[in-house]
Amino acid sequence: TKDGEQIGDYWIARDGQKRSARWSMELLTKTSLAKNVNRYRGAFHSDVLMAREFRATDADYKNPLRPLDRGHLVPADNHRLNEATQMATFNLSNVAPQSKKTNEVLWKKLESKVQETAINSDGSIVVTAPAYRPDPNGEIRIRVIGENHVWVPTHFAKAALFQNKDKLTACAWIVPNEDIDGID
């Protein structure tokens, strides 16, 4: 469906063809960003609301020859209000295959910056999406992983709107999904 559906305290639009989400959306406030629980250390889980033939499984991410992280669209660290909201971010509809360096360096820095700005705002809306951009020849090459053929995005995109009193600030980023040398 193109329409979003609430999972925990965020929204996603599932994409059965890609076995991920088209987009995710969070409404962030000082209250929602409270860190009342430790980071969930359990397993990622399949989205039982998707038909079996349209969902990813944790096994899809377990290829030792071409390892990719399970990159959160909605960051787990933004949803530590309680165990249920934290665990909801580990739904495999909320992740997409992400290069290790992108996930652990660039994306982590971006998520931290957005969270820091949101904590210091009156309220924020954040939309995140896997992106599939053409190569220099104008072609989009679809790469998949796992038995369920989970699509690997070429990029990740994030847009945020921060409100402070009567002032709105909008920001947007697009990050390549590849291990870039010299990034740390």
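See the structure above.
Just so you know, the residues in each chain are numbered from 1, in the order the chain's sequence is written. Two thresholds apply to this predicted model, a pLDDT of at least 70 for residue-level local features and 80 or more for giving and counting side-chain atom pairs, whereas whole-chain, interface and lining totals are computed over all residues. Water and hydrogen atoms were dropped before computing side-chain values, which therefore reflect all heavy atoms in the structure.

Student: Sorry, what's going on with the overall build of the chain here?
Tutor: Counting its regular elements, the chain contains 2 helices and 10 strands. Starting at the N terminus, the α and β elements of the chain follow one another as β-β-β-β-α-β-α-β-β-β-β-β. Oriented by its inertia axes, the alpha-carbon framework of the chain measures out at about 45 × 35 × 30 Å. Buried, partly exposed and exposed residues are distinguished by accessible area as a fraction of the type maximum, computed with a 1.4 Å probe on protein chains only: under 20%, between the cut-offs, and over 50%, respectively. When burial is assessed residue by residue, the chain has 44% of its 184 residues classed as buried. The contact definition used throughout considers only heavy atoms, calling two residues in contact when any of these lie within 4.5 Å. The contacts in the chain between residues at least 6 apart in sequence include a share of 67% that link residues at least 24 apart. Of the roughly 10,000 Å² of accessible surface on the chain, a fraction of 53% belongs to carbon and sulfur atoms. Distance between charge centroids for the chain: 1 Å, based on 26 positive and 24 negative side chains. Numbering of helices and strands starts at the N terminus; helices are DSSP runs of H or I of at least 4 residues and strands are runs of E of at least 2. Per-residue accessibility takes into account occlusion by the displayed protein chains alone, with areas from the Shrake-Rupley method and a 1.4 Å probe. In this tally, Asp and Glu contribute negative charge and Lys and Arg positive charge; neither His nor the terminal groups of the chain are included. Each charge is placed at NZ for Lys, CZ for Arg, CG for Asp and CD for Glu.

Student: Teacher, can you tell me more about the sheet that holds strand S2 (residues 10-15) here?
Tutor: Consider a sheet: its strands pair through backbone hydrogen bonds, and that pairing is either parallel or antiparallel. Within the open sheet, the 6 strands sit side by side as S1-S2-S3-S6-S9-S10. Their pairing is antiparallel. Only two strands of the sheet have a single neighbouring strand rather than two, namely strand S1 (5-7) and strand S10 (167-176). For this sheet, the mean inter-axis angle between neighbouring strands, taken without regard to orientation, is 20°. Criterion used throughout: strands pair if DSSP finds at least two bridges between them. Sheet analysis places strand S3 (residues 20-28) next to strand S6 (residues 123-131), joined by 5 bridges and oriented antiparallel. Residue pairing across strands places Leu28 opposite Ser124, the latter belonging to S6. For helices, the fitted line uses only the C-alpha atoms of the stretch in contact; every axis is such a line through C-alpha atoms, and the angle between N-to-C directions lies from 0 to 180 degrees.

Student: Would you explain the side chain of Gln98 in this entry?
Tutor: Mapping Gln98 onto the fold places it in strand S5 (residues 95-98). Non-local contacts of Gln98, meaning those with residues more than four positions away in its chain, are made with Leu68, Asp69, Gly71, Asn103, Trp107, Phe156 and Asn177.

Student: I tried to follow unusual backbone geometry on my own but got confused; where do I start?
Tutor: Trans is the prevailing form of peptide bonds, just as negative phi is the prevailing case for residues other than glycine. Despite not being glycine, Arg19 shows a phi value in the positive range, around 60°. Looking at where Arg19 falls in the secondary structure, it is placed in the loop between S2 and S3. The buried category is assigned to Arg19, whose relative accessible area is 15%. Even without being a glycine, Lys165 presents a positive backbone phi close to 55°. Among the secondary structure elements, Lys165 is positioned in the loop between strand S9 (155-164) and S10. According to the relative accessible area criterion, Lys165 is exposed, its value standing at 68%.

Student: Looking at this structure, I do not really get the pattern of salt bridges. What am I missing?
Tutor: Here the idea is simple: oppositely charged side chains can pair when their charged atoms come close. Here, a salt bridge means any Lys or Arg side-chain nitrogen found within 4 Å of an Asp or Glu carboxyl oxygen. Summed over all chains, the structure comprises 13 salt bridges. When the shortest N-O distance is used, the salt bridge between Asp15 and Lys18 registers 3.2 Å. There is no split in this pair, since Asp15 and Lys18 are both buried. With a closest N to O distance of 2.9 Å, Lys100 and Glu104 form a salt bridge. Separated by 4 residues within a single helix, Lys100 and Glu104 lie in helix H2 (residues 100-119), roughly one turn from each other. Given the relative accessible area of 44%, Glu104 is considered partly exposed. One salt-bridge network, in which partners are shared between bridges, spans Glu5, Arg14 and Asp47.

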